[in-house]
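# Understanding the architecture of this molecule
Residues per chain are reported as follows:
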Amino acid sequence: MANFADVAKQFVEFYYNQFDADRKQLAPLYRDNSMLTFESASVAGAAGIVEKLSSLPFEKVKHAVSTLDAQPSGDHGGILILVTGALLVDEEQRPMNYSQTFQLMPDGAGSYFIYNDVFKLVFG
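Below or above, wherever it landed, is the structure these notes cover. Numbering of residues starts from 1 in every chain and runs along the sequence as written. In keeping with the model being predicted, local features are shown solely for residues with a pLDDT of at least 70 and side-chain atom pairs are shown and tallied solely at 80 or more, while totals for entire chains, interfaces and linings include all residues. Side-chain figures throughout are based on the complete set of non-hydrogen atoms in the structure, without hydrogens or water.

## What about the sheet that holds strand β6 (residues 112-122)?
Inclusion rule: Strand pairing follows a simple DSSP-based rule, namely that at least 2 bridges must link the two strands. Helix numbers and strand numbers start at the N terminus; a helix is a DSSP run of H or I with at least 4 residues, a strand a run of E with at least 2. Here the axes come from fitting lines to C-alpha atoms, over the contacting stretch only for helices, and the angles between their N-to-C directions go from 0 to 180 degrees.
Taken together, the six strands give an open sheet; going across it, the order is β2-β1-β6-β5-β4-β3, and neighbouring strands pair in mixed fashion. With partners counted over all chains shown, the strands left at the sheet margins are β2 (41-44) and β3 (61-73), one partner each. For this sheet the average axis-to-axis angle between neighbouring strands, irrespective of direction, equals 15°. Pairing analysis gives twelve bridges linking β3 to strand β4 (residues 78-89), with the strands arranged antiparallel.

Have a look at this one:
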């Protein structure tokens, strides 16, 4: 099994590159038992999560990761990831700070899926 810190780094890079390019393509990273809490609004299941992410009110987005912390989680090989960073949407010139936490779980086929995803903008 790969080192949890390496998996976390590779996952975060892939996730944000995909999010910034085409949010609809994130569906394979979620499962029917996955949950997203986006700015305190929760949605469950891969289809609902991708629908929520796709309906966000911006066309272009660029994430810049500032910090990434990861820990092994549970007896089943999960990985807990905390990301902080800044994002720019559309033509906005001032980046917005954010915090995002992922709980990755092994998918049984040598990879991981997002079990929990919590996103919050940080103001102030």
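## A closer look at the packing of aromatic side chains
Rules: In summary, the pairing rule links any two rings of Phe, Tyr or Trp, Trp by its six-membered ring, whose centres are within 6.5 Å, and it sorts them by plane angle into stacked for under 30 degrees, edge-to-face for over 60 and tilted for everything else. Think of it in three bands: with a 1.4 Å probe and only protein chains considered, a residue is buried below 20% of the maximum accessible area for its type, exposed above 50%, and partly exposed in between.
The full count for this structure, using the stated rule, is ten aromatic pairs. Taken together, a centroid distance of 5.7 Å and an interplanar angle of 35° make the contact between F11 and Y15 tilted. Here F11 pairs with Y15, and both are found in helix α1 (residues 4-21), just four residues apart, close to one helical turn. Each member of the pair, F11 as well as Y15, carries the same accessibility label: buried. Judged by centre distance (4.8 Å) and plane angle (65°), the rings of Y15 and F102 are edge-to-face. Here Y15, found in helix α1, pairs with F102, found in strand β5 (residues 96-106); they are 87 residues apart in sequence, far enough to count as distant. Classification of F102 as buried rests on a relative accessible area of 0%. Here the aromatic residues F11, Y15, Y16, F19, F38, Y98, F102 and F119 are joined through ring pairs into a cluster of three or more.

## Let's talk about the pattern of salt bridges
Worth spelling out the cut-off: One speaks of a salt bridge when a side-chain nitrogen belonging to Lys or Arg is within 4 Å of a carboxyl oxygen belonging to Asp or Glu.
One pass over the structure, following the stated rule, counts three salt bridges. Linking R31 and D107 is a salt bridge whose minimum nitrogen-to-oxygen distance equals 3.7 Å. Of this pair, R31 sits in strand β1 (residues 30-38) while D107 sits in the loop between β5 and β6, and the two are 76 residues apart along the sequence. Given a relative accessible area of 30%, D107 falls into the partly exposed group. Across the salt bridge formed by R94 and E92, the nearest N and O atoms sit 3.2 Å from each other. E92 sits in the partly exposed class, given a relative accessible area of 31%.

## Looking at α1
To be explicit about the condition: Each helix should span, by expectation, one fewer than its residue count multiplied by 1.5 Å. The contact rule is simple, with two residues in contact once any of their heavy atoms fall within 4.5 Å.
Its 18 residues give α1 an end-to-end C-alpha distance of 26 Å, which sits within 8% of 26 Å, the value for a rise of 1.5 Å per residue. Taken as a whole, α1 has its buried residues at V7, A8, F11, V12, Y15, Y16, Q18, F19 and D20. Where the residues of α1 are buried, they touch β1, α2 (46-54), β3, β4, β5 and β6.

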